Amino acid sequence: MLLIPCPWCGNRDEVEFRYGGQAQVPYPADPAALDDAAWADYLFVRANQRGGYAERWVHADGCRRWFDVVRDTVTNEFAP
Amino acid sequence: MRSRPSRASRGIAPRAERLPDPPARLWRSAEPERSYDVVIVGAGGHGLATAYYLAAEHGIRDVAVLERGWLAGGNMARNTTIIRSNYLLDESAALYGHALDLWERWPAELDYDFLLSQRGVLNLVHTEQEVRDARRRAFANGLNGIDAEFVGPDEVAALCPILDVSPDRRYRVLGATWQARAGIAKHDHVAWALATRASELGVDLIERCEVTGFVTDGERVTGVRTSRGDIAAGRVGLAAAGRTSELTDTLGWRIPLQSHPLQALVSELLEPVHPCVVMSNHVHVYCSQAHKGELVLGAGIDSYNGYGQRGSVQVIERQLAAALELFPIFARAHVIRTWAGVVDVTPDASPIIGPTPFEGLYVNCGWGTGGFKATPAAGRVFAHTVATGSPHPLNEPYGWERFRTGALIDEHGAAAVAH
Amino acid sequence: MTRLPSGGRVDRGRTVECVVDGVPLRGHPGDTLASALLAAGRLEVAPSVYLGRPRGVLTADPGEPNALVQVLDDPEPMVPATEVELRDGLAALSLSGVGRADPGGAARCEKRYRHADVVVIGAGPAGIAAALAAGRGGARVFLVERHRELGGALLDGDERIDGLPGADWVARAARELAARPETRVLTRATVAGHYDHGYLLVAEHSAPEQRPPWQRLWHLRAQRVVVATGARERPIAFPGNDRPGVLLAGALRRYLRRFAVLPGERAVVGTNGDSAYATALDLVAAGASVPLLVDARPEPPAALLARARAAGVPVRTGAAVIGTSGERRVSAARVAAIDDQGRPVGPVDVVECDLVAVGGGWNPAVELTRGPLVWDDTISAFVPEGDAAVGAARGSFGVRDCLAQGFEAGAAASTATGFPVAAPPIPPVDADPEPSRVRPLWIVQGDEGSSFVDLQRDVTVADVRRAVDAGLRSPEHVKRYTTLGTGSDQGATSNVLGLGVLATLLGIGSPGALGTTAARPPARPMRFELLAGRDRGALHDPVRTTPMHDWHVRAGAVFEDVGQWKRARHYLRPGEDMAAAVLRECAAARTGVAMMDATTLGKIDVIGPDAGEFLNRVYTNGFAKLAVGKARYGMMCTADGMVFDDGVTMRLAPEHYLMSTTTGNAAAVLDWLEEWLQTEWPQLSVHCTSVTEQWATIAVAGPDSRAVLARVAPGLDVSAAGFGFMEFRNAVLRNGIPARISRISFSGELAFEINVASWYGQAAWDAVFADGADLGITPYGTEAMHVLRAEKGFVIVGQDTDGTVTPLDLGMDWVVSKRKSFIGDRSFTRPDTARSDRKQLVGLLPVDRDALLPEGAQLVESDAPRTPPVPMLGHVTSSYRSAALGRTFALALVRDGRRRVGEVLHAPIGDADLAVEVTDPVFYDPEGARRDGHQPR
Amino acid sequence: MTVTSPAEPGTTGAATADLRRSPLAARAAELAEHTARSGVLLAEEPFLAQVNLRAAPDVLDRLEAAVGIPVPRGVNEVRGTPERAVLGLGPDEWLIIAPDGAADGIVGGLVAAGAGSAVDVSANRTTVRLAGPRARDVLEQVCSLDLHPRAFAAGSCAQTLVGRTQAVLWQLTPEPGYRLLVRGSFAGYLADLLIDALPR
Ligand SMILES: Cc1cc2nc3c(=O)[nH]c(=O)nc-3n(C[C@H](O)[C@H](O)[C@H](O)COP(=O)(O)OP(=O)(O)OC[C@H]3O[C@@H](n4cnc5c(N)ncnc54)[C@H](O)[C@@H]3O)c2cc1C
Ligand SMILES: NC(=O)c1ccc[n+]([C@@H]2O[C@H](COP(=O)([O-])OP(=O)(O)OC[C@H]3O[C@@H](n4cnc5c(N)ncnc54)[C@H](O)[C@@H]3O)[C@@H](O)[C@H]2O)c1
Ligand SMILES: Cc1cc2nc3c(=O)[nH]c(=O)nc-3n(C[C@H](O)[C@H](O)[C@H](O)COP(=O)(O)O)c2cc1C
Ligand SMILES: [Zn+2]
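Bear in mind the structure is a predicted one, so any value in this text is a computation, not a measurement. (Residues numbered from 1 in each chain as written. Chains lettered and ligands numbered in written order. Predicted model: local features only at pLDDT ≥ 70, side-chain atom pairs only at ≥ 80, totals over all residues. Heavy atoms only, no water.)

Glancing now at the overall build of chain B. On a plain count of helices and strands, chain B comes out with nine helices and 18 strands. By the compact-globule yardstick of 22 Å for 419 residues, chain B fits well, its C-alpha radius of gyration being 22 Å. By its C-alpha atoms, chain B is 70 × 50 × 40 Å across when sized along the principal axes. Scored against the burial criterion, the 419 residues of chain B give a buried share of 66%. Accessible area for chain B stands at about 13,000 Å²; split by element, carbon and sulfur atoms hold 49% of it. Computing the positive centroid from 41 side-chain charges and the negative centroid from 47, chain B places the two 6 Å apart. (Helix = DSSP H or I, 4+ residues; strand = E, 2+ residues; numbered from the N terminus. Rg over C-alpha atoms; globule rule 2.2 N^0.38 Å. Buried < 20%, exposed > 50% of the residue type's maximum accessible area, 1.4 Å probe, protein only. Areas by Shrake-Rupley, 256 points an atom, 1.4 Å probe, with all protein chains shown as cover. Lys, Arg positive; Asp, Glu negative; His and termini not counted. Charge placed at Lys NZ, Arg CZ, Asp CG, Glu CD.)

Next comes the structure, spelled out in structure tokens:
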């Protein structure tokens, strides 16, 4: 049960959150301008590294806010 | 209502049967050479099966399988060993169906009793929509030559009498698909059988040799960098499961994979009570009783990316609550061990098997939560791919390009827990 | 008579009666089943699992490998007798390592969630010291102890702390801890898992008289954890080391001290370190004879030798027990000098005895420390790196060190959590000095018989040798080849010994080079039901019901699960089956009037100046230009262009929309909207609020629905002209209830939806039902709703779609705007998604008008060869008998389906085929003539 | 922002008050029995007016002035009294609690004062009252939030999981006394869950 730092509610148990995968993957400004490869990258390809990983969570059963954190995918420690 | 063992008066239990002794000789652990015709990265089931087929079917014996830890210590050591082929989609049915055919041939072919037990698998359904989906899958299976059928609650109870199919459950059992040829096998021994035969055929199995990157010549991969030095290779086959993307990242190629923890657990040994394999996507648990007698249970992945080979405990708590909804008799069984693997999941929950944008580099990954059952077929088609440079008809649809064209092989709808 | 006349911590004043293996057994409160068996002279337990060898109690710990029992009266499939507290009525059977699931078993187990500043695991001297120090500043402290009493090893020895006997010091400390408001002491509580971010699972067993609950699972979230779990003694692998009567030396001492049980008369002590000397002395003090103490070390500390001599215990050094003999119990030990390799050299002495006490060294209990382990040559064991544990768990076996480390760690933990305290001064300690170095001794290659490593799994040195001969080197491989350490004790007594044996067989110096096998939670077996907690039966998953639920129950509704909701599927009248009920309900909607509880549909208020623009982006069709007062059907896709949800959205005001979603997707849609708003389009000024349960919704459908509405809402102009299709009105029902009424239809009939605040749901329902009574108003369920909408070719997302279907595949081009961009549009032009021959929604009419296609049936060309794999064209998504059509019909997704209209396909069902004609998916009233119904009567 | 006329549905007229039924109305006697047996007060407090407010920080002063309600600036804080209070649900989200029937006026006032969104959710949730010296014990069996007075004092609120349902938890008094605001369809489950956790 991870202890996840919600910027609004403080540390809360993982069960209150939903995972949102890699952070900072913006919706393309003009999808129509992308070729199939670039669009597929947006849809399906995400970073997957070991170690520090910028990711998103939403405090689904709490304040319902989305936020970004950096978590080590090996130790699960959140960067301060 | 409690059944008392008849020998209760003196209470001395009969002795359990010991499983057959494993072979007295297994594989030969090798030291790395400078160069090989083919280097396979990862000595899991898939890497080992690939090496075996390269040697056995393609006559390619100058092969090394490089393993960062101990042989078959990744997901191969951690899976709940469920084997079935009752997949919905044609592409999956063909691949997993082929795997099941090979499973049936392997004990003789590999001359190794790895305890293949075709005890049958029940995939339970609990809602009307799940009934529709299950019947759809059973109809498709029939036409694809797969022995799966839809059975009602009474038949479910007959097949697995300890299941609670009573109507007053929170989610009552409305039926199941039943595949009689499905079952389990002893995972470690499957790996050891492959390792032993591959090593007899001349394959070098090299443990504690971590691949850290590739040697390249332009867009061509000509070898691997390892913790024990560079090794040249005519071709390289990646079978590194959860750590695949770490390696592809070194080439600047991002592959659509996310690595997640997947947990499982076992109970103490119990006298046989559970005759088959039971899975339920809806309440989210699956359970079988292994040969020694331990109950083996699993559920879905942990939501977050993780390489720690451990997951969160609420996943275990939830899965046991689900297990007891189905199997009240297990209330007082004990969890004696929990563990986790790192599974590589693709966006459509189907594997990626085929060539890569890099000449000489081939990839077999993305098996997520369900690749054990595919081991024979995966090894065979991947060996074909590596040996010939182009996919076998069975893995033709499984190339990474499908994410660009949109021709996904999306089993998601049919199997949220896809073991 | 093996119970000593005095001593021990059992309540001699009371007697407890129970039955083991059918034979009565007596003991005292405070006994474990194991101590009572030993006190009764019943040292032998069930034979071993595979080899059937006689076995006896080995330990006094939860890691007991031999003395396993099935408890019958309060069913337990398998549990160590060392863990069972004696109580009246206890009935147990000995087990050989294989348990029995009992269908009668289910007990109340609870959970409890707490947060702590400091959790101390283990209440020996180290843990008690840590808790004492940590709680001084007012920090929230938990001290968790597995046994029923605090004290740990202090209860088994002679140490004096602060001038008090160990047990008295413990009692004093316990009083101090109990008096602290923010300190909580848990006994009979085992920390079973130490997870990320200080999360601990603690399995607490209730004392027999405190049930229910039987057990409680504490979830502790700790800022700091102090591990003070002590150490476990290990055996030595010599031939015949599994004979009943061979016990671990520390266990024997514990039986003497805590339970006043002396389970024999003549004990040979075999060891490689200091601690077994104390056992020998205690045995003598208890009246047993110790004919020989064998120490593998050539030169043990002189002080120890002197004390043994003083007690009359002969000591042989540089030697070991190399074998035992005896029928059902050890009757003699064979002893010889051993060389560097543990091989016997020189003559063999046979020493008669009925006990062999073995001390092979102590392994710190490190399973909860989480950090890396390093090999410590002094104690020949793995210890946690640095100060990840205190006391014996760190490898420090002297009481003074334990106290010092405990105080230090407790104070540091408290300070780190914001309660600065200094470590208390260490009280005077009168105890043995820190023990000296042990001689690593794993295998004694005796004369005959098997040497056991893992007693529960019946694994011998020969088995490990076989693994090595097979070519295995890694401890993980040897574990899996031999099953060493995989029993319910998880190798408590065998793991490190196994590593030592392996290292010896591989000819490498020490197990340190091999590393350990991985330890995993739980640190003790935990019942499934304990982890499941109260999430059982009705509480397994919330049951969601609508305000009219009780009415449906009374009306004979049969419910189906849709998400967590219970929805009425159909209403059975006496003598009816489901098919008849559904036909009746459909007929009512098509020819008269019918009503349905549609409350479960998701509802979301979308408010703000940019609400229209926002909806334009999330729906495939346009909403910005929807007029206030009107409603529109919309469809949403995921970014990869697949249908995600659909529903009707009303525009309540220029900047206020009310969206509806499917029942199952309500939460997912709200999440989806929030995600886009918060993460992609924060510049849009829009807010979403879930109002699903603010509103109860009653659908009234059928040609007579207008008549009913006219009565229910007398002030409302319900005429076709006055109340257009896809419009809504605010109105007041005749009983005064304010309502929002819309004219929308999922059946093709004239229909209305009445929305009222959910607390009025039942009253509004009653009004509609009463006002339609003379018109035969019929409540209908989801099944009739499905039939009615299918007759009209309306899809149900999730039934007629499955995550691989685009709106275009459904033939719903009209809902896909070409004039604006929306989520998913880009995906439609991907090569595969743009194919014209994708699976498309079509209708099917079985050639036999009475044949009902099974849902899920696959479709093939009529002349398709029937040898697998048979090429499949698609499948039946919905299939019904229609009262209105007087026949069966179906919807299907079929490859290139729209071009196939008119073709006959086959659905192979078992050995037979059903021929079906492909049609347009709209079967009923394709012109939409019925939508306006007729005027009020 | 406009409010559609004539009568915004969802509002309550005195004439119709007796037509209302709260989610746990049918279980009032049962809850009272459990209260008597266990010594922990477990009861429904039906029909509290509730308004969900979304607003940008810069208009808060104006909103407060317009409706006369103090708005907490911190998330999970409560301002006001048990009868009339504002709960901070998120950085731009509040829940206003007021006596039965007050929602309409509050929504109107907020909208007029320029709230981003003000929605009457009085019927969306019901309120369960849990109080008594052992109330915290009860809650600690089904909720993992830190309920220790140091962490969750009177005047705190939180949105969290209670069992398997989401709820707004609000501590009213220094001694354990909570309101749990739960969506109507989950109220039966919540009652079952809490009854199961009561001291026996
Ligand atoms: C808990 C759990 C339950 C499961 N249950 C089932 C089930 O019931 N049925 C089923 O069909 N499937 C199941 N699976 C999935 C199945 O285990 C995997 O899909 C399958 O094992 C993957 O193939 P593999 O055996 O080759 O992978 P692995 O065994 O993981 O092999 C990959 C190997 O590559 C090595 N490696 C990685 N990186 C490097 C590197 N850089 N250099 C060298 N070596 C490297 C790893 O150490 C590892 O040994 C389960 C998985 C888990 C975790
Ligand atoms: N002479 C020797 O060789 C030798 C060796 C080992 C220990 N000792 C003696 O042992 C004592 C060590 O003190 P200590 O405090 O470090 O250890 P301890 O053994 O006295 O206490 C550890 C306590 O932790 C408890 N425990 C263990 N795992 C637990 C878990 N998972 N959950 C809850 N409780 C758990 C045990 O029941 C025990 O009471 C000293 O008195 C020392 O002299 C001596
Ligand atoms: C099918 C199966 C059965 C298992 N049975 C047992 C068992 O009886 N006892 C046991 O201790 N572990 C058992 N395990 C778990 C392994 O001990 C181990 O946890 C797993 O291989 C993962 O390795 P790790 O925990 O060392 O990381 C089993 C694992 C699997 C996959
Ligand atoms: Zn939050």
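This paragraph deals with the site of ligand 1. Residues and elements named next belong to chain B. Inspection of the region around ligand 1 gives 38 residues, with Glu67, Met76, Thr80, Gly371 and Lys373 positioned closest. Glycine 45 places a polar main-chain atom, nitrogen or oxygen, 3.0 Å from an oxygen atom of ligand 1. Note that an oxygen atom of ligand 1 is positioned 2.9 Å from one of the backbone N or O atoms of phenylalanine 372. If ligand 1 stood free it would expose 990 Å²; the protein chains cover 97% of that surface. (Near = heavy atom within 4 Å. Polar contact = N/O pair within 3.5 Å; in protein donor to acceptor, adjacent residues only side chain to side chain.)

How big an interface is tends to be stated in terms of accessible area lost as the parts join. Contact residues are listed per partner, giving 86 residues for chain B and 109 residues for chain C. Between chain B and chain C the total buried area reaches about 8,400 Å² when both faces are included, carbon and sulfur atoms providing 54% of it. Three residues stand out in chain B for area buried against chain C, namely B:Leu143, B:Arg170 and B:Arg332, and they jointly supply 11% of the buried area on that side. Our enumeration of links across chain B and chain C arrives at twelve salt bridges. The closest approach of N and O atoms between B:Arg332 and C:Asp74, which form a salt bridge, is 2.5 Å. The interface formed by chain B and chain C holds 40 residue pairs in polar contact (both at pLDDT 80 or more) in total. When residues of the side of chain B that touches chain C are traced back to their parent elements, those giving at least two are α3 (128-143), α5 (187-200), β12 (258-269), β15 (294-301), α7 (313-326), β16 (334-345) and α9 (402-405) of chain B. Looking at the side of chain B that touches chain C, its residues break down into 43 nonpolar, 13 polar and 30 charged. By the bridge criterion, two bridges tie β16(B) to strand β31 (residues 526-527) of chain C in an arrangement that is antiparallel. When the sheet's bridge partners are listed, B:His334 is paired in β31(C) with C:Arg527. (Contact = heavy atoms within 4.5 Å. Buried area = accessible area lost by both parts, 1.4 Å probe. Salt bridge = Lys/Arg side-chain N within 4 Å of Asp/Glu carboxyl O. Nonpolar A, V, L, I, M, F, W, Y, C, P; charged D, E, K, R; others polar. Pairing = 2+ DSSP bridges.)

To continue, consider the interface of chain D and chain A. With 15 residues of chain D at the interface, the matching set in chain A holds eleven residues. Counting the surface chain D buries against chain A, the share from its top three residues, D:Pro91, D:Gln159 and D:Leu161, is 39%. Linking chain D with chain A are three salt bridges. The closest approach of N and O atoms between A:Arg64 and D:Glu93, which form a salt bridge, is 3.6 Å. Scanning the region where chain D abuts chain A turns up six residue pairs in polar contact (both at pLDDT 80 or more). With four residues, strand β8 (residues 157-162) of chain D is the single largest residue contributor to the side of chain D that touches chain A. Per-class residue counts for the side of chain D that touches chain A are six nonpolar, six polar and three charged.

So, about the coordination of the zinc ion (ligand 4). Residues and elements named next belong to chain A. The protein atoms that coordinate the zinc ion (ligand 4) are Cys6 (SG), Cys9 (SG), His59 (ND1) and Cys63 (SG), at distances spanning 2.0 to 2.4 Å. Between the four donor atoms coordinating the zinc ion (ligand 4), the angles at the centre fall across 103 to 117°, so the site counts as tetrahedral. Between consecutive donor residues of the zinc ion (ligand 4), the sequence gaps follow C-x2-C-x49-H-x3-C. Of the two residues, cysteine 6 is situated in strand β1 (residues 3-6) and histidine 59 in the loop between β4 (52-58) and β5 (66-72); the sequence distance between them amounts to 53 residues. (Donors = N, O, S within 2.8 Å, 3.2 Å for Na, K, Ca; no water. Tetrahedral: all angles 85-135°; square planar, octahedral: opposite > 155°, others 65-115°.)

Residue and element names in this part refer to chain C. At a minimum axis distance of 7 Å, the contact between helix α2 (residues 125-134) and helix α7 (residues 399-416) shows a crossing angle of 35°. Here α2 runs over α7; the crossing is right-handed. Contacts from Pro125, Ala126, Ala129, Ala130, Leu132, Ala133 and Ala134 in α2 reach Val399, Cys402, Leu403, Gly406, Phe407, Gly410, Ala411 and Ser414 in α7. Within the contact of α2 with α7, the residues separate by chemical class into twelve nonpolar, three polar and no charged. (Axes fitted to C-alpha atoms, helices over the stretch in contact; angles between N-to-C directions. Left-handed = near helix turned anticlockwise from the far one by under 90°.)

Now for the sheet that holds strand β22 (residues 332-338) of chain C. Residue and element names in this part refer to chain C. Taking strand neighbours across the sheet as the criterion, the three strands line up as β21-β22-β23 in an open arrangement whose pairing is antiparallel. Whereas interior strands pair on both sides, the edge strands pair on one side only; in this sheet they are β21 (319-325) and β23 (344-352). Taking each pair of neighbouring strands and ignoring which way they run, the sheet shows an average axis angle of 25°. Of the strand pairs in this sheet, β21 and β22 are connected by six bridges, and their pairing is antiparallel. Along β22, the bridge assignment pairs glycine 323 with arginine 334.

So, on to the packing of aromatic side chains. Counted by the stated rule, this structure contains 42 aromatic pairs over all chains. Aromatic side chains C:Trp375 and C:Trp442 sit 6.3 Å apart centroid to centroid with 50° between the ring planes, which places their arrangement in the tilted category. Placement of C:Trp375 in strand β26 (residues 373-376) and of C:Trp442 in the loop between β28 (429-430) and β29 (452-454) is noted, with a sequence separation of 67 residues between them. Here the two residues C:Trp375 and C:Trp442 agree in accessibility, since each one is buried. We note C:Arg617 situated over the ring of C:Trp681; from NZ or CZ to the ring centre the distance is 4.9 Å. Here the guanidinium or amino end of D:Arg20 rests over the ring plane of C:Trp759, the centre of that ring lying 5.0 Å away. (Phe/Tyr/Trp six-rings, centres within 6.5 Å; stacked < 30°, edge-to-face > 60°. Lys NZ or Arg CZ within 6 Å of the ring centre and 35° of its normal.)

What follows is about the packing of helix α1 (residues 45-58) of chain B against helix α8 (residues 375-388) of chain B. Residue and element names in this part refer to chain B. At a minimum axis distance of 7 Å, the contact between α1 and α8 shows a crossing angle of 55°. Between α1 and α8, the interaxial angle falls into the category oblique. Pair α1 / α8 crosses with right-handed handedness. Residues Gly45, His46, Ala49, Thr50, Tyr53, Leu54, Glu57 and His58 of α1 lie in contact with α8, whose contacting residues are Thr375, Pro376, Ala378, Gly379, Arg380, Phe382, Ala383, His384, Val386 and Ala387. Looking at the contact of α1 with α8 residue by residue, the class counts come to nine nonpolar, seven polar and two charged. (Parallel < 35°, antiparallel > 145°, perpendicular 65-115°, else oblique.)

To continue, consider the site of ligand 2. Residues and elements named next belong to chain C. The environment of ligand 2 is formed by 27 residues, the closest being Glu145, Ala153, Val191, Ala392 and Phe397. The contact in question runs from an oxygen atom of ligand 2 to an N or O atom on the backbone of alanine 126, over 2.9 Å. Between ligand 2 and glutamate 145, the relevant distance is 2.6 Å, taken from an oxygen atom to a side-chain nitrogen or oxygen of the residue. Contact with the protein chains hides 91% of the accessible area of ligand 2, taken as 850 Å² for the molecule alone. With three residues, strand β13 (residues 189-195) is the largest single contributor of residues to the shell around ligand 2.

All names here are of chain C. For α2, a buried count of ten out of ten residues is recorded, marking the element as mostly surrounded by other parts of the structure. Among the residues making up α2, those that are buried are Pro125, Ala126, Gly127, Ile128, Ala129, Ala130, Ala131, Leu132, Ala133 and Ala134. On its buried face, α2 sits against β8 (109-121), β9 (141-144), α3 (166-178), β15 (215-227) and α7.

The next point concerns the sheet that holds strand β44 (residues 778-779) of chain C. All names here are of chain C. Pairing within the open sheet is mixed, and its six strands lie in the order β41-β42-β43-β40-β34-β44. The open sheet has two edge strands, β41 (728-732) and β44, and neither has a second partner. The pairing of strand β34 (residues 594-597) with strand β40 (residues 695-701) spans four bridges and is antiparallel. Note on β40: the bridge partner recorded for alanine 594 is alanine 701.

These figures capture arrangement, not role.
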